[in-house]
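Per-entry structural report
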Amino acid sequence: MDDKEKTMIMIETAQSLKDMIQKRMNNRVDHLTTLQSTNLDALPEEVTKMREVEASRIRAVVSEQKDIIELIDMLFPKAAAGKAPTKKQ
């Protein structure tokens, strides 16, 4: 396996990781949106506090996931652009 093939495999792997993290981040953002869009007036104060704590945790995880995606983009700019080098036959 030459260096170009190794680079291509690394870029494809980085893209797969980035896609997986992005998907999970989107799921968390959807969950956060659901938490924030629910009417809290009818809920007991204890439940409201628990939801606020959960929303805070989700925001922290989403922030970390954004940082990881940014690091992948910096380390593998071709993966960020979605361009893996073409394999010559």
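Now for a look at the structure at hand. (Residues numbered from 1 in each chain as written. Predicted model: local features only at pLDDT ≥ 70, side-chain atom pairs only at ≥ 80, totals over all residues. Heavy atoms only, no water.)

Glancing now at the side chain of Thr48. Mapping Thr48 onto the fold places it in helix 2 (residues 45–75). A residue is classified by how much of its surface remains accessible, and Thr48, at 15% relative accessible area, is buried. The residues touching Thr48, leaving out its near neighbours within four places in the chain, are Leu40 and Leu43. (Helix = DSSP H or I, 4+ residues; strand = E, 2+ residues; numbered from the N terminus. Buried < 20%, exposed > 50% of the residue type's maximum accessible area, 1.4 Å probe, protein only. Contact = heavy atoms within 4.5 Å.)

Taken as a whole, this structure holds 2 salt bridges when the rule is applied. Notably, a salt bridge pairs Asp73 with Lys18, separated by 2.9 Å at the nearest N-O pair. In this pair, Asp73 is assigned in helix 2 and Lys18 in helix 1 (residues 3–37), connecting sequence segments 55 residues apart. A relative accessible area of 24% means that Asp73 is categorised as partly exposed. With relative accessibility at 13%, the residue Lys18 sits in the buried group. (Salt bridge = Lys/Arg side-chain N within 4 Å of Asp/Glu carboxyl O.)

Counted at 1.5 Å a residue, the expected span for helix 1 with its 35 residues is 51 Å, and the 50 Å between its end C-alpha atoms agrees. If you check which residues of helix 1 are buried, you get Met8, Ile11, Ala14, Lys18, Ile21, Met25, Leu32 and Leu35. (Expected span 1.5 Å × (residues − 1).)

Honestly, it's all geometry; don't read function into it.
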